[in-house]
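Listed below are the residues making up each chain.
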Amino acid sequence: MLVELLRAQQQRLTGRRDLTNLRAKAARLLDALASTDLIQAVEQRIGEHLRRSSAR
């Protein structure tokens, strides 16, 4: 549903329903978020918990 709302808004603004630019921007934002220390620390903790669980 969200994608259709985004497409409708894109069509209203530009006359096209193409979300390529939005997809590229979202990818850049996710890459930036994933490179933050907070996310890396959470990923490390999850990995540690999974290793402990697997060792049992």
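Residues numbered from 1 in each chain as written. Predicted model: local features only at pLDDT ≥ 70, side-chain atom pairs only at ≥ 80, totals over all residues. Heavy atoms only, no water.

A. Main features of the overall build of the protein. Each helix and strand counted, the protein has three helices and zero strands in total. N-terminal to C-terminal, the α/β element order of the protein is α-α-α. Relative to the compact-globule value of 10 Å for 56 residues, the protein shows a C-alpha radius of gyration of 18 Å, a clear excess of over 25%. With the C-alpha coordinates of the protein rotated into their principal frame, the extents come out at 55 × 25 × 15 Å. (Helix = DSSP H or I, 4+ residues; strand = E, 2+ residues; numbered from the N terminus. Rg over C-alpha atoms; globule rule 2.2 N^0.38 Å.)

B. Up close: the pattern of salt bridges. One pass over the full model with this rule turns up two salt bridges. In this structure, Arg7 and Glu4 form a salt bridge, with 3.2 Å as the shortest nitrogen-oxygen distance. On the criterion of helical spacing, the pair formed by Arg7 and Glu4 is a turn pair, its members being three residues apart in helix H1 (residues 2–14). Put simply, Glu4 and Arg17 hold a salt bridge, and the shortest N to O gap is 2.7 Å. Pair noted here: Glu4 is in helix H1 and Arg17 is in the loop between H1 and helix H2 (20–34), with a separation of 13 residues, a long-range link. Residue Glu4 is classed as partly exposed on the basis of its relative accessible area of 41%. The network of salt bridges with shared partners includes Glu4, Arg7 and Arg17. (Salt bridge = Lys/Arg side-chain N within 4 Å of Asp/Glu carboxyl O. Buried < 20%, exposed > 50% of the residue type's maximum accessible area, 1.4 Å probe, protein only.)

C. Expanded view of the side chain of Gln10. Note that Gln10 resides in helix H1. For Gln10, a relative accessible area of 19% corresponds to the buried category. Among all residues touching Gln10, those that are not within four sequence positions of it are Gly15, Arg16, Arg17, Asp18 and Leu19. (Contact = heavy atoms within 4.5 Å.)

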